[in-house]
Amino acid sequence: LIQGLLLIMLLSAQQWLIHEFERSGLKAAENRTNTVADSVNNGLNTMMEIQIGDKDVISDKKSRQRFIKQLGVSDKLLELRVIRGKGTNDEFGEGLPEERPVDDIDREVLATGKPKFKLNVTDGGDASLRAVIPSVAMKEFRSSKCLECHGVNEGVVLGAISVTLDIKDDMAEISRIKSWLWVGQGLLQVVLFFVIGVIVRRSLKPLGGEPIEAAQIAQS
């Protein structure tokens, strides 16, 4: 009975610990995608402010294409895309083919202005996290004044940045720690079995025998 109660309590605590560890690991991966998206935003804002002749750099399609391609070459970064929103297209015209939304996640983020995350895990052990982060027009974003470059209202979704990271190693580490937790739980239960048995037998010893013998004496 004692070990049964401890087993329930310890398994519940372990399940909570595993859940929190998984949540923490995925949150760290989400933060990495946000960092990449933030770097892209900063770069694009800088390109808006740099003038070559009578045009800003960002208006040159080849420059944008080169910029995104170079940023996309990074360890664990599987895909990086910049998606243009309707307000940007209406004002500056259609962008590059790769700047168009490609699926429902892209379109949902452009419509709602809320970030979207999707975890993909395959049977082969590969794992990736995709994040689509919106770029929303603000009066001032850090040192950039969005509304001076874009003729839209504050809060309009100008576009989004899609980042896909390889998190295979992260998931493998989570799985490894979960395995060790289960091994530790098993060893702990074996130790508890013997420790609790010793304590119970010592507690019943003053009764004059083992629990079965004590019960027989009491019945007599």
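Residues numbered from 1 in each chain as written. Predicted model: local features only at pLDDT ≥ 70, side-chain atom pairs only at ≥ 80, totals over all residues. Heavy atoms only, no water.

Q: What am I meant to see in the pattern of salt bridges here?
A: Pairs can form between side chains of opposite charge whenever their charged atoms are close. Per the stated rule, a full pass over the model turns up 15 salt bridges. Linking Lys76 and Asp169 is a salt bridge whose minimum nitrogen-to-oxygen distance equals 2.8 Å. Here Lys76, found in the loop between α2 (61-71) and β3 (77-84), pairs with Asp169, found in helix α6 (residues 168-204); they are 93 residues apart in sequence, far enough to count as distant. With relative accessibility at 48%, the residue Asp169 sits in the partly exposed group. Between Glu79 and Arg81 there is a salt bridge, with its nearest N and O atoms 3.5 Å apart. A relative accessible area of 32% places Glu79 in the partly exposed class. (Salt bridge = Lys/Arg side-chain N within 4 Å of Asp/Glu carboxyl O. Helix = DSSP H or I, 4+ residues; strand = E, 2+ residues; numbered from the N terminus. Buried < 20%, exposed > 50% of the residue type's maximum accessible area, 1.4 Å probe, protein only.)

Q: I tried to follow the pairing of strand β4 (residues 116-121) on my own but got confused; where do I start?
A: Looking along a regular strand, one sees the side chains alternate between the two faces of the sheet. Judged from the 6 bridges that link them, β4 and strand β5 (residues 127-136) form a sheet pairing that is antiparallel. Across the sheet, Asn120 pairs through a bridge with Ser128, a residue of β5. Between β4 and the antiparallel strand that follows it, β5, lie 5 residues; Gly125 among them carries a positive phi value of about 100°. (Pairing = 2+ DSSP bridges.)

Q: Please clarify how the packing of aromatic side chains should be interpreted in this entry.
A: Where two aromatic rings form a pair, the distance of their centres and the angle of their planes describe that pair. Using the criterion set out here, one finds 1 aromatic pair in the structure. Taken together, a centroid distance of 5.3 Å and an interplanar angle of 85° make the contact between Phe193 and Phe194 edge-to-face. You can call Phe194 exposed: its relative accessible area is 53%. (Phe/Tyr/Trp six-rings, centres within 6.5 Å; stacked < 30°, edge-to-face > 60°.)

Q: Could you clarify how one ought to interpret the environment of Asp56 in this entry?
A: Structurally, Asp56 can be placed in strand β2 (residues 55-56). When its relative accessible area of 25% is taken as the criterion, Asp56 is described as partly exposed. For the pair Asp56 and Lys178, spaced 122 residues apart in the sequence, the C-alpha separation amounts to 52 Å. Among residues more than four places away in sequence, those in contact with Asp56 are Met47, Met48, Ile50 and Gln51. (Contact = heavy atoms within 4.5 Å.)

Q: For this particular structure, what's the right way to read the sheet that holds β4?
A: Sheets are built from strands paired through backbone hydrogen bonds, the pairs being either parallel or antiparallel. Strand order in the open sheet formed by 4 strands is β3-β6-β5-β4, with antiparallel pairing between adjacent strands. With partners counted over all chains shown, the strands left at the sheet margins are β3 and β4, one partner each. Each neighbouring strand pair of the sheet contributes to a mean axis angle of 10°, computed without reference to strand direction. Helix-sheet contacts for helix α4 (residues 104-112) involve β3, β4, β5 and β6 (157-166), and the interaxial angle to β5 is about 30°. (Axes fitted to C-alpha atoms, helices over the stretch in contact; angles between N-to-C directions.)

Q: Help me understand the confidence of the model for the protein chain in this model?
A: Any segment with low pLDDT has predicted coordinates that should not be analysed in fine detail. Taken as a whole, the protein chain shows an average pLDDT of 84; of its residues, 90% reach a score of 70 or greater. Element-level pLDDT for the protein chain is lowest in helix α5 (residues 146-149), with a mean of 62, against a maximum mean of 93 in α4. (pLDDT = per-residue confidence, 0-100.)

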